[in-house]
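# Summary of the model geometry
What follows is each chain in one-letter form.
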Amino acid sequence: MTIADSVFPMDSVASCIQLPPEEENRIVSELIKESELNLKDGNVYFVISNRWFSRWQSYVGSCVGMLSIDKQSSDGQDAEMTHTKIADRPGPIDNSDIISKGNNYDSNNLDIHRMLEEGADYVLVPEKVWERLLEWYKGGPALPRKLISQGLEHKQYSVEVYPLSLKVIDARDNSQSIVKLSKKATIGELHEQVCKIKGVEQSKACIWDYFNFKKHSLLTISDQTLEEANLTMDQDILLEVSLERDPSSHSGMDSMGNELALVPLEPTRSSVSIAGGPTMSNGHSTGSSFNSYQGSSVSSSLTNMDDKCEVNRGERGGLAGLQNLGNTCFMNSSIQCLVHTPQLVEYFLQDYSEEINMDNPLGMHGELALAFGDLLRKLWSSGRTAIAPRSFKSKLARFAPQFSGYNQHDSQELLAFLLDGLHEDLNRVKQKPYIEMKDSDGRPDEEVASECWKNHMARNDSLIVDVCQGQYKSTLVCPVCGKISITFDPFMYLSLPLPSTVTRMMTVTVFYCDGSGLPMPYTVSVLKHGCCRDLCQVLGTACCLKSDEMLLLAEVYEHKIYRYLENPLEPLSSIKDDEHIVAYRVKSGARKKKLEIMHRWLDNMKGGDKKLFGTPLVTYLVEDPQFGANIEASVHKLLAPLRRAYSSTKSHDGKENGFISSGSEEQSNISNTQSESQSLTFGNKEQDGTSCGESSFQLALTNENCLSCEPIEKSSFIKSSQLIRVFLDWTEKEHEVYDASYLRDLPEVHKTVFTVKKTKQEAISLFSCLEAFLTEEPLGPDDMWYCPRCKEHRQATKKLDLWKLPEILVFHLKRFSYSRYLKNKLDTFVNFPIHNLDLTKYVKSKDGQSYVYDLYAVSNHYGGLGGGHYTAYCKLIDDNKWCHFDDSHVTPVTEAEIKSSAAYVLFYQRVRSKGQMEGEASQLHTV
């Protein structure tokens, strides 16, 4: 029994209002546009199951700004093609598949399953759209949610699909209740809601932040939001009720007449105390000695403090885990890698208050650096006690709304934001000068690189630049005028493609435009980010293209030419794996009219309808003017390679070569073809349809949309046009004479198959990933380069080279790939060295230094997209031992366990000899 059947009765017949599908589409599209122009906090949106919504979209077509996952595509053509398949009108709205079974169905605030993905599991529609859909289709139930704004400097709006769920523990009887509020609700609203549920007067209620069953802070009635109070999803809050006394008095009594257990509040914080000044923060000294503590009076208040850290005297630092606050393993993994970076540990355990930049408009007013430094200190002072990074996550959400909420995110994405944010918060440059960048203009690379780095340092000077930033050389070449532009740009990390993601296997079927051979599929390897010119080059080599020939690429959809790929710079990314691509071999040079021949057959099962089949044939016509006889001659010529070769003897059951003969006269005529060559070109009699007993083909002229149909006779005059489209009607006789199988079963560009994961023996190396990153490739169509010589945007080729490498070198392995409907993760094993990663030969600057690195941390990703999990391997600073950080669980591991196919982000530290360190001490900010 489904929820829809038992709880939410739906009308068996939808609303009596029956509008045409295109009218429904128009109304909804206009309402969506209207809602986008009036975004504000509190706007109501409704959650609709994508299962129902995708059926509705199939019925009405894709609406502007509202695509379900089944209709999403990288370009508009896909939606256009899909729209040709008209679906039936859907039944009533049915949200039963996304509703949690544990709902109280009498409530107006229904829960939906956790971890649903927008676009895949549900869609969000504005209130007015929901009202129209409900009017047209009935059904339900309604799942309203509110729009909220997030972020400080750059606000962005999002629908709060999952409101904050808090568990209320009543201290009187330990009973539990659930209260749900927006994270933008105030503490005052929380008090009101809790007291309403429990039937308690607000004046007698005390509510505590009871995270991890420990009192952290008293949630006094105020306008502070639940988000600002660091309350997290599914956490506990404690309700204590006083019968007589004012709960604000710390000498109050509980409901049983006993004195309340009162805990001192957290000491006042200041930016100086967090950044390493003389005062206390969370009960531990902020001086350089991170394991020294003050008296017991301060440490006794630790039970009340956010992100509680207990003291274990003599315990080695860096062994604390991070509690998972709800899909925050991605954040925990990146943080552990950073807090085990020696230079960052040394920096943030000392007094860094002088370097906090409060005025940088590109930064977070120093708050992100303060929050990170505070968290690092807790991790290095708590012994083995796991820390709950609630305060840090709250700060992160304020400045990076994309990481708010409790959805899974990417550890590398967080790492990139965090490094950039720390840099801007710690930027020693208070006023950034304007610097006009100069072109290289043939100057020596050393001179240009030094100039670019000095310009960069004039605006960016921080610990992160000192430790984590390198420099690469970028060379752009204009494909039209050959202009070469060389720049030297800084980098924070290197995103390395896996070799399997650099190239792409494509299958294309090649047809002859002169009827000299059979069509043949070829599978070739091309650069994934290449263009059609690259595909034509490798395809021409594979099919032995002659010097006077060229290839005309086309996409075939539903047995018609959907588009010609005649632009040589058309990116291959516009060709999807499930498409059917053909190439026609044509003579180079002057071409006039293009003839496109589509095949039809009579479907007797469907009332004699004529249906398209096979692959269109294409050739060029040189005669002018054109008559029906010319068209028919071209058809015979193109079909010549498909002529069947028959055996001279019949089988005993009357079949010949697998086909039933239809009479002695016809058999005699067919047998006459045995002496003809497979690549036969017909004479005039045959072209007229009189040779070998064959009748003339039934041809019909059609228009661009293939809607008209005008029979073609030999004497028919064909109106002059650059593209002539004709239908070729096949009868049983044509099928007996020609083998149409060569026109059918056109292979896809790439057939996805499940392959066995690579073993360590079959692994690719980190060096091959780096070489793929440094390989020359054309820019994408969305990343065109403005050529100063052509004065136009060009799809230039780009070549990267490493010029200057940092002390801490971070490699991001690009394991995630995306196609039209599918996001995929590559579990390829990458063999990376733990010791002595020598990159000296890859550095193009001639500074005579060696660049050798040792691994010290790895961010791992296990599983697939959506349901994956992040952990970290980190090397302890004080000794040569590794630990596995799996959220709050920390376990020792051997060095042999570090390498796995889960490795996602690699952290290396440069190994320097004593002589190198002394020689470079005076050149910290130079090339």
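Residues numbered from 1 in each chain as written. Predicted model: local features only at pLDDT ≥ 70, side-chain atom pairs only at ≥ 80, totals over all residues. Heavy atoms only, no water.

To continue, consider the overall build of the protein. Assigned secondary structure in the protein consists of 23 helices and 43 strands. Split into buried and exposed, the 927 residues of the protein put 50% on the buried side. Look at the contacts in the protein between residues 6 or more apart in sequence, and 71% of them connect residues 24 or more apart. (Helix = DSSP H or I, 4+ residues; strand = E, 2+ residues; numbered from the N terminus. Buried < 20%, exposed > 50% of the residue type's maximum accessible area, 1.4 Å probe, protein only. Contact = heavy atoms within 4.5 Å.)

Okay, the environment of leucine 535 next. Mapping leucine 535 onto the fold places it in helix α17 (residues 532–542). Spatially, the C-alpha atom of leucine 535 lies 8.1 Å from that of valine 524, the residues being 11 residues apart in sequence.

Turning our attention to the pattern of salt bridges. Within this structure, the stated rule accounts for 36 salt bridges. Close ionic contact of arginine 563 with glutamate 579 constitutes a salt bridge, the shortest N to O distance being 3.8 Å. Of this pair, arginine 563 sits in strand β18 (residues 560–565) while glutamate 579 is found in the loop between β18 and β19 (580–587), placing the two residues 16 residues apart along the sequence. Residue classification places arginine 563 among the buried residues on the basis of a relative accessible area of 14%. Bridged by salt links that share partners, the residues Glu355, Arg428, Asp461 and Asp466 form one connected network. (Salt bridge = Lys/Arg side-chain N within 4 Å of Asp/Glu carboxyl O.)

What follows covers the nonpolar core. In terms of nonpolar packing, the biggest core is built from 59 residues, with Phe348, Phe372, Phe392 and Phe907 touching the most fellow members. In terms of residues, this core owes the most to one element, helix α11 (residues 367–381), which gives nine residues. Core analysis: the second largest hydrophobic core is formed by 36 residues, Leu766, Val843, Tyr851 and Tyr908 among them. (Core = buried A, V, L, I, M, F, W, Y, C linked by side-chain atoms within 4.5 Å.)

Further remarks concern the sheet that holds strand β16 (residues 520–527). The sheet built from five strands is open, its strands ordered β16-β15-β19-β17-β18 with mixed pairing. Of all the strands in the sheet, just β16 and β18 have a single pairing partner and so form its edges. Neighbour-to-neighbour, the strand axes of this sheet turn through a mean angle of 40 degrees, independent of strand direction. Packing against the sheet, α17 makes contact with β15 (503–512), β16, β17 (549–557), β18 and β19, and its axis sits at approximately 130 degrees to β16. (Pairing = 2+ DSSP bridges. Axes fitted to C-alpha atoms, helices over the stretch in contact; angles between N-to-C directions.)

Let us now look at the sheet that holds strand β21 (residues 609–621). Sheet strands line up and pair through hydrogen bonds in the backbone, either parallel or antiparallel. With mixed pairing, the five strands of this open sheet are ordered in space as β21-β20-β28-β25-β26. Every other strand in the sheet has two partners, leaving β21 and β26 (710–712) as the edge strands with one partner each. Mean inter-strand twist for the sheet, computed between neighbouring axes without regard to direction, equals 30 degrees. Note: strand β20 (residues 593–603) against strand β28 (residues 723–730), eight bridges, orientation parallel. Pairing of tryptophan 601 across the sheet is with tryptophan 730, part of β28. In this fold helix α18 (residues 628–639) packs onto β20, β21, β25 (698–702), β26 and β28, with an angle of close to 95 degrees to the strand it touches most, β21.

A residue-level look at the protein finds 75% of positions with pLDDT of 70 or above and a mean pLDDT of 77. The lowest-confidence element of the protein is helix α8 (residues 296–299), averaging 28 in pLDDT; the highest-confidence one is strand β43 (residues 903–910), averaging 96. Per-residue pLDDT stays below 50 along residues 1–15; that stretch engages in 29 contacts with residues further than four places along the chain or on separate chains. Counting contacts from residues 754–762, a segment whose pLDDT is below 50, to residues more than four positions away or on other chains yields eight contacts. (pLDDT = per-residue confidence, 0-100.)

Before going further, it helps to examine the pairing of strand β39 (residues 852–862). Within β39, nine of the 11 residues are buried, leaving the element largely enclosed by the surrounding structure. Two strands pair when backbone bridges link them, and strand β38 (residues 837–838) and β39 are joined in this way by two bridges, in the antiparallel orientation. Bridged to aspartate 838 within β39 is valine 852. Relative to β43, β39 runs antiparallel, the two being bridged by seven bridges. Bridge assignment links asparagine 860 to a residue of β43, and that residue is alanine 903. In the sheet, β39 pairs with strand β40 (residues 869–875) via six bridges, with the strands oriented antiparallel. Among the inter-strand pairings, valine 858 is bridged to a residue of β40, identified as tyrosine 873.

We now examine helix α2 (residues 21–36). Each α-helix turn comprises 3.6 residues. Residues three or four places apart therefore point the same way. Here α2 spans 23 Å end to end across 16 residues, near enough to the 22 Å set by a 1.5 Å rise per residue. Three or more residues of α2 are buried, namely Glu24, Asn25, Ile27, Val28, Ser29, Leu31, Ile32 and Ser35. Looking at the buried side of α2, the elements it contacts are β1 (44–49), α3 (50–60), β3 (122–126) and α5 (127–137). (Expected span 1.5 Å × (residues − 1).)

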